[in-house]
Each structure stands twice: as C-alpha cells, then as structure tokens.
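What follows is the residue order along each chain.
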Amino acid sequence: MASERVVIIGGGPGGYEAAHVAAQLGAEVTVVDTDGVGGSAVLTDCVPSKTLIATAEVMSELADAAELGVSFLDTEGDAATAIRVDLARLNARVKQLAADQSADIGRRLARDGVTVLQGRGSLAGPDRVLAQLADGTEQVLPADAILLATGAAPRTLPTAQPDGERILTWEQVYDLTEVPTELIVVGSGVTGAEFASAYLNLGIPVTLVSSRDRVLPGEDADAAKVLEDVLTRRGMKVLSRSRMESVTREGDTVTVTLTDGRTVQGSHCILALGSVPNTAGLGLEEAGVNLKDGGFVNVDRVSRTSARGVYAAGDCTGVLMLASVAAMQGRIAMWHFLGDAVQPLDLKTVSSNVFTAPEIATVGWSQHAVDAGEIQAEVVMLPLSGNPRAKMQGVRDGFVKLLCRPGTRTIVGGVVVGPRASELIHPVSVAVAESLTADQLAQAFTVYPSMSGSIAEAARRLHRV
Ligand SMILES: Cc1cc2nc3c(=O)[nH]c(=O)nc-3n(C[C@H](O)[C@H](O)[C@H](O)COP(=O)(O)OP(=O)(O)OC[C@H]3O[C@@H](n4cnc5c(N)ncnc54)[C@H](O)[C@@H]3O)c2cc1C
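Residues numbered from 1 in each chain as written. Predicted model: local features only at pLDDT ≥ 70, side-chain atom pairs only at ≥ 80, totals over all residues. Heavy atoms only, no water.

A. Region of the structure containing the pattern of salt bridges. If you walk through the whole model with that rule in mind, you get 23 salt bridges. One salt bridge in this structure joins Asp220 and Lys401, with 2.8 Å as the shortest N-O distance. One end of the pair, Asp220, is in the loop between β10 (206-209) and α7 (221-233); the other, Lys401, is in strand β21 (residues 399-404), with 181 residues separating them in the sequence. Accessibility expressed as a relative area gives 10% for Asp220, which makes it buried. Lys401 gets classed as buried once you look at its relative accessible area, which sits at 1%. As a salt-bridge pair, Lys401 and Asp222 come within 2.7 Å of each other at their nearest N and O atoms. With Lys401 in strand β21 and Asp222 in helix α7, the pair connects residues that are 179 residues apart, well separated along the chain. When its relative accessible area of 31% is taken as the criterion, Asp222 is described as partly exposed. Here the salt bridges do not stand alone but share partners, grouping Asp163, Glu165 and Arg249 into one network. (Salt bridge = Lys/Arg side-chain N within 4 Å of Asp/Glu carboxyl O. Helix = DSSP H or I, 4+ residues; strand = E, 2+ residues; numbered from the N terminus. Buried < 20%, exposed > 50% of the residue type's maximum accessible area, 1.4 Å probe, protein only.)

B. Highlighting the packing of helix α3 (residues 46-63) against helix α5 (residues 87-111). Running from N to C, α3 and α5 point in directions that differ by 140°, and their axes come no closer than 9 Å. Looking at the two axes, α3 sits oblique to α5. Regarding α3 and α5, the two cross each other, and that crossing is right-handed. Facing Val47, Pro48, Thr51, Leu52 and Thr55 of α3, the residues of α5 in contact are Leu90, Asn91, Arg93, Val94, Leu97 and Ala98. Of the residues contributing to the contact of α3 with α5, the split by class is seven nonpolar, three polar and one charged. (Axes fitted to C-alpha atoms, helices over the stretch in contact; angles between N-to-C directions. Parallel < 35°, antiparallel > 145°, perpendicular 65-115°, else oblique. Left-handed = near helix turned anticlockwise from the far one by under 90°. Contact = heavy atoms within 4.5 Å. Nonpolar A, V, L, I, M, F, W, Y, C, P; charged D, E, K, R; others polar.)

Next up, the structure:
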C-alpha cells in the first residue's frame, strides 16, 4: 500500500515535531519552510531569549555574591560595579547557538527521511500545497493531509514602527552590538517582562511601560506581585496604567509617548505588543479553512480545521502560544490522521514558565479560576524564605502554591516562584496530569535540603483527616 502523503507548511515546533511522528508512522513527509527549520522558536524567540537570559542569570547571581562571602578583586565587594556584559559576544553566542540548533533539527529530519523544501507554502485547495521555492521555482505537492504550522510574528503599530536599530522587535535585539544606556520595554506580558528582567540583570537601566495595573496581567497575581517587587527593588522603573501612544526616534534618542501625554526617553526601545498569526495570503478561506477573531486558524482538540484533511498546530491557531503546546498539537494531528492512539489536547495539564528572575512556573487550574468560582479548590501558599536550601543560597523571594479539590484531595494546579521554578514545577505537573492526591505528593521523598522540599511541605499542609 502506498504511504500517506503529509505536507507540512512551517518548520517550527508545531511542524517539525509533527514531521517526526508522521515519518515514524510510515508517511511520506514534506516540510515547506521559509526561514529555517526550528522556526521562530529556535531562530528568533525561545532559544535566543533563553540563551540571553542564561547570561543574565549569571550576572544576577554574581551581583548578589557578596552576601554569600564572595569578594571581587579591586572593588569594595560590590560586584555590580565590577562586572559588565559583553553584548556583542553574548549576541554572537545567541545566534550561533540558534543556528546550530536549527542545523541539528534539520539533520534529525533528514535522518527520518523527511523532505525539507525551503520556500513559501500556501494551499492550492484542501488537498494540495503550492510551494514557491527559494530558487524561484514552484512545485505543487498533492497531499492526503496538510498541517498548517506557520506560527506568528511580532505585532507592531503604525505609530510604533521598528527601525531595527533603536526601536526593536524581540527578533531584532540580537543585532545590538552596543549596550543600551537606557532601555524602554513596552508591554508587560510574558515577553516584555522576560526582556525587561533580563536586560536589568545585564546591568542596563530599564523602564517597563505597562498598560495594566501590574506586570504579567495574565499570570498568578501573587506571583506577579513578587516579581514586580523584585524588579523595582533592583532599580527598574515600572510605569503601570501607562498606555503607549507612539514610539519615535530622533538621533540617538527614542521617545515613547503615552496616551495621557507623558513621555519617556531612552536610548533603545523593545516593542513587546503581542503576536499576529501568519495566516494571510495562504489560500485558507478558499480551501474551506475557517479563521477566528484576529486571523487565527480555528481548530478542535485534535488539531482539525474546518477543511477535511487540513490540520493546524501552534501559534497560528492561537490556542496557547507555547513551543511545547505547538509541538503537542502537531503530534496530535499526525496521531489522529494516521490512526494512532490519540488523546485530545488538555490545556489544564500544560506547564509553563515565565523566565524572569525569579522565574514563575504554573500548571493546571489557577487561583483566579478559584476566586471566580470556576472550580472549587483549597489553596495553600508557602513562602520559600522558610526553606533551608533557600536560606543557604540567599533566596528570599518566591513561594510554592498548590491547589487541591476539597473532596478527592487531588492536586489540580500549582505555581512555583523562585530560581529554576521551571524545573521545580515538574512534580506538580506529574501530580496534575496523573490526578495524584496531596497526600501522595507529600509522601514522596524529597532531598534534604532542597527547594522541592517546599512542594512536599505545601502538600502536607493540604492533609485532612
Ligand atoms: C520572545 C519569545 C520567547 C518565547 N519563549 C518561549 C519559551 O521559553 N517556551 C515556550 O514554550 N514558548 C516560548 N515562546 C513561544 C514560542 O516561540 C511559540 O509558541 C512557538 O514558536 C510556536 O511554534 P510554531 O511551530 O507554531 O511556529 P514558529 O516557531 O513561529 O514556526 C513557524 C515557521 O513557519 C514558517 N512559515 C511561516 N509562514 C510560512 C509559509 N507560508 N510557508 C512556509 N513557512 C512558513 C516561519 O518562517 C517559521 O519558520 C516564546 C515566544 C517569544 C516571542
């Protein structure tokens, strides 16, 4: 029997993870991608930003090292004045690491027998893809199934146009060779908060312009408060309830004008205004693919669109803009199409992390949902300041929060705020995914001393006789 032909448009995590699954299940797979496999996730978004943040973490640990008994030669113990970021070197490392990661993904796809075509894909109907290749030629690729995984791009405004030099999207910051003397970050969602925190820890004065009452309006309110306290204590200016009207540049000065007429000036500005899906001009509606508000592709929980045989995954669906979710949506699409066992996507088991300092990691139901009466749950919150390992490491900010159902005592959500919270959330994720009870989570051994001891301790506090 001939193999099923799968054509994937977009080589980010939504696309390349699906390609591996489809190849493993015996399909003949072609990926059409414009910018390089790995997608924005690898080339401009997750991988570069987390590599930048790795350097910021080292700088912030060094800045706090004096308290732990480290002194720096030729200074009075003030590391902050003794260390400098070498931005040109840092950015060169970022770009090299991203390119290497993309090449690794390309090699793995080739090993699995996946054909990668460099070019732009669009639908020429629900069962064929038109590939306009980089060499100027065109190919029509007939397909038994198509996966749309074209991702999203940074949103800009007519009044705030990036120039790639001083007014920057998050994709352009790695071209900086000079250290900004005064950085303005517009937008206090996850991306804005991550860049603001990173550059602050790299020793750069940062002003964060936030249209909302607090940073990270979509995250746990207690966590956002801890973060805002830490950022302001470290010297960041946070302008809340300040909506940007325009960003302009004159010479070396960038001016952000707010809707109430106030202005903020700096040497550089990063725009973190959200993303728009890459769905225009792809022939989607003509092929019967319904879009929802904002131009995102409408999908069900097994990644099907309204057109038979056409699936979609990742940021172009706007379901939850995370690389991990994009990859899972892509795999689910292929498991579904190729008849393998498949579980529909369950957003209540997704763990995510905000890579600020401290980090904020979350899984499952939120305190907001409990307060809004969407779910009944008991909530316990334990500050990390009482944890012995935290004391040894000089960590004062952060907490563990667990949510459990009143009757069954199953863990339904959690938040960890602290250093490496992205690693610490995993036991809570397992508990949520496997419906473990608070007692089961509490009874598993933790290392003494360890930050994870606070997760077990929080679970013990949820014990009821
Ligand atoms: C600054 C930043 C940091 C982030 N950090 C994290 C993180 O730490 N963890 C996390 O889980 N998520 C993170 N995200 C989110 C994550 O990057 C996205 O959710 C993820 O990239 C989505 O994957 P995707 O496959 O849908 O799209 P993408 O990664 O955007 O890939 C889509 C690909 O399709 C290509 N393409 C577009 N149109 C076409 C076309 N017509 N034909 C052919 N190819 C096309 C694009 O060039 C691109 O290569 C971050 C986002 C940002 C902005």
